[in-house]
Amino acid sequence: MHKLSIWASGSGSNAENIYNYFKNSKEISIDHILCNKKDAGVFERAKKLGVDAKYFSSAEFRNSTSVLDFLKEREINYIILAGFLLKVSEEIIFHYPARIINIHPALLPDYGGKGMYGLHVHEAVIVAGEKHSGITIHLVDEEYDHGTTIFQSICEIEKGETPKSLAEKVHQLEYKHYPEVIQNYILSFNS
Ligand code: GAR
C-alpha cells in the first residue's frame, strides 16, 4: 500500500475529492491531512470524512524536523499538495525525491511563483487578456511552481470571465484530473 500525506492551507475541496477517490483503493491510501492554518476549512472537511488532520505551524513546516518525524512515524511514501501555500523545505524535498506532487491553478510556466495562488492567479490571467487557462500538475523542487510537469489541462476564458468564475472552472478541472494523475504517477513510478 502506498501511503499519502495531503497538505492543504485553505478550504480543502481538493483534499476531500482526493480522499473520496482513494477511499476504497487497494493500492493507495490517504493516511492524513496536514495544514499550516489553524482555522482552515480543511479541518471541518476532515472531521466530516473521518480522516486524521494535523496542524503544524508555518515555522514547523519551514524547519521541518517535527514534520519529517511525523511522516516517518506514519510511513508516508508520497506528499500531495492540494492548495498548500508554503514553499516546501529543501530537507523535505531531499527525503521525498520525485515523491511530492503539486497542483497549480494555471498553465505553468506562466502565472507561477511566489504570491501566485488562488484568486491572484486568475486575476493575473484575466488582466493579461489570455484566451485560455487551466491546471498544471507537477513534481515539486526547490523553486516555487517549477518542477517537472506531469499533466496539464486547458479551459477557455470567455467574455466577461471573472476571477471567481475562472476559479470555479479550474476547480472542476482539478477535481476531474488530479486524483487520477496522482494514481497513474504513483503506479507507474513503482512498476
Ligand atoms: C486550488 O485551486 C489549487 O490549485 C490552488 O489553491 C486552490 C485550493 O483550493 N493552489 C495554488 O494556488 C498553489 N499555488 P481547495 O483548498 O478548495 O482545494
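Note that the coordinates shown come from a computational prediction; the quantities given were computed from them, not determined experimentally.

How each quantity is defined
Residues numbered from 1 in each chain as written. Predicted model: local features only at pLDDT ≥ 70, side-chain atom pairs only at ≥ 80, totals over all residues. Heavy atoms only, no water. Axes fitted to C-alpha atoms, helices over the stretch in contact; angles between N-to-C directions. Helix = DSSP H or I, 4+ residues; strand = E, 2+ residues; numbered from the N terminus. Parallel < 35°, antiparallel > 145°, perpendicular 65-115°, else oblique. Left-handed = near helix turned anticlockwise from the far one by under 90°. Contact = heavy atoms within 4.5 Å. Buried < 20%, exposed > 50% of the residue type's maximum accessible area, 1.4 Å probe, protein only. Nonpolar A, V, L, I, M, F, W, Y, C, P; charged D, E, K, R; others polar. Polar contact = N/O pair within 3.5 Å; in protein donor to acceptor, adjacent residues only side chain to side chain. Near = heavy atom within 4 Å. Areas by Shrake-Rupley, 256 points an atom, 1.4 Å probe, with all protein chains shown as cover. 1 Å grid on protein atoms, 1.4 Å probe; cavity = no way out; pocket = protein on both sides within 12 Å on 5 of 7 lines; lining within 4 Å. Sits in = over half its atoms within 2 Å of the grid points.

Description of the packing of helix 1 (residues 13-22) against helix 7 (residues 163-189)
Phase 1 of the analysis: Running from N to C, helix 1 and helix 7 cross one another at 45°; their axes reach a closest spacing of 10 Å. With respect to each other, helix 1 and helix 7 are oriented oblique. When you trace helix 1 past helix 7, the crossing you get is right-handed. Between helix 1 and helix 7, the contacting residues are Ser13, Asn14, Asn17, Ile18, Tyr21 and Phe22 on the first element and His171, Glu174, Tyr175, Tyr178, Pro179, Glu180, Ile182 and Gln183 on the second.

Section: unusual backbone geometry
Phase 1 of the analysis: Residues Leu108 and Pro109 are joined by a peptide bond in cis, for which omega reads 15°.
Phase 2 of the analysis: Looking at where Pro109 falls in the secondary structure, it is placed in the loop between strand 5 (100-104) and helix 6 (118-127).
Phase 3 of the analysis: The backbone phi angle of Asp145 is positive, close to 50°, even though this residue is not glycine.
Phase 4 of the analysis: Tracing the backbone through its elements, the reader meets Asp145 in the loop between strand 6 (132-139) and strand 7 (149-156).
Phase 5 of the analysis: Owing to a relative accessible area of 17%, Asp145 belongs among the buried residues under this scheme.

Quick notes on the side chain of His177
Phase 1 of the analysis: Here His177 shows up in helix 7.
Phase 2 of the analysis: According to the relative accessible area criterion, His177 is buried, its value standing at 16%.
Phase 3 of the analysis: Leaving out residues up to four positions away in the same chain, His177 has contacts with Ile135, Phe151 and Ser153.

Some thoughts on the packing of helix 6 against helix 7
Phase 1 of the analysis: Put simply, helix 6 and helix 7 touch, their axes get as near as 9 Å, and they point 110° apart. Classed by the angle they form, the pair helix 6 and helix 7 counts as roughly perpendicular. Along this stretch, helix 6 crosses helix 7, giving a crossing that reads as right-handed. Where helix 6 abuts helix 7, its residues Leu119, His122, Glu123, Val125 and Ile126 lie against Pro163, Lys164, Leu166, Ala167 and Val170.
Phase 2 of the analysis: Its residues placed into classes, the contact of helix 6 with helix 7 shows 7 nonpolar, 1 polar and 2 charged.

Some details on the environment of Ser165
Phase 1 of the analysis: Within the secondary structure, Ser165 is located in helix 7.
Phase 2 of the analysis: Polar side-chain contacts of Ser165 include one of 2.9 Å to the backbone nitrogen of Thr162.

Details of the site of the ligand
Phase 1 of the analysis: Inspection of the region around the ligand gives 14 residues, with Gly12, Ser13, Asn14, Gly118 and Glu174 positioned closest.
Phase 2 of the analysis: Measuring from an oxygen atom of the ligand, one finds a side-chain N or O atom of Ser11 at 3.4 Å.
Phase 3 of the analysis: Within the backbone of Gly118, a nitrogen or oxygen atom sits 3.1 Å from an oxygen atom of the ligand.
Phase 4 of the analysis: Summarising the interface, the protein chains cover 90% of the accessible area of the ligand, which totals 450 Å² for the free molecule.
Phase 5 of the analysis: A majority-of-atoms criterion places the ligand in the largest pocket.

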